[in-house]
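If you want the building blocks of each chain, they are given just below.
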Amino acid sequence: MSDLLPGTPVSLIAEFTALPNREDAIAELLADLAVKVRAEAGNVVFDCYRRLENPAKFVVYEIYRDKAAFEVHIAASYGAEFNAKLGELIVEPNSILTFLTPLGAS
């Protein structure tokens, strides 16, 4: 997180794969989390998807106003609760996060 550019939006993708027959449980968890995250003052986008070619694979696209807003997001207790529950439902040990930089940013 230290390499996030100050004063610029924080954009990332979180990806994970459901264990067999756990897809619906993950979809419910994400729906609940989305309501909470979208209510955060610094959240710009929190969109949840399933891959067309493999509905067990989930992708969450997130944008926060800036680094401070992202830090508030990751400190939220409901995020820790979500991650603990998610960990029991996915193949990976945790979400795979990919941080994005807008073209032209330095």
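These numbers come from a predicted model, not from an experiment. (Residues numbered from 1 in each chain as written. Predicted model: local features only at pLDDT ≥ 70, side-chain atom pairs only at ≥ 80, totals over all residues. Heavy atoms only, no water.)

Student: Please clarify how the overall build of the protein should be interpreted in this entry.
Tutor: Along its length, the protein carries three helices and four strands. Along the protein, helices and strands appear, N-terminal first, in the series β-α-β-β-α-α-β. Computed over its C-alpha atoms, the radius of gyration of the protein comes to 14 Å, within 12% of the 13 Å expected for a compact globule of 106 residues. Along the three orthogonal principal directions, the C-alpha set of the protein runs to about 40 × 30 × 20 Å. Within the protein, buried positions represent 35% of all 106 residues. Within the protein, counting contacts between residues at least 6 apart in sequence, those at least 24 apart form 72% of the total. (Helix = DSSP H or I, 4+ residues; strand = E, 2+ residues; numbered from the N terminus. Rg over C-alpha atoms; globule rule 2.2 N^0.38 Å. Buried < 20%, exposed > 50% of the residue type's maximum accessible area, 1.4 Å probe, protein only. Contact = heavy atoms within 4.5 Å.)

Student: Can you help me understand helix H3 (residues 77–87) in this one?
Tutor: What sets the pattern is the α-helix's 3.6 residues per turn: residues three or four places apart point alike. Those residues of H3 not exposed but buried are Gly79, Phe82 and Leu86. Viewed along the axis of H3, the buried residues span an arc of 60°, placing them on a single side of the element. Taken together, the buried residues of H3 touch strand E1 (10–17) and helix H1 (23–38). (Arc of directions from axis to C-beta.)

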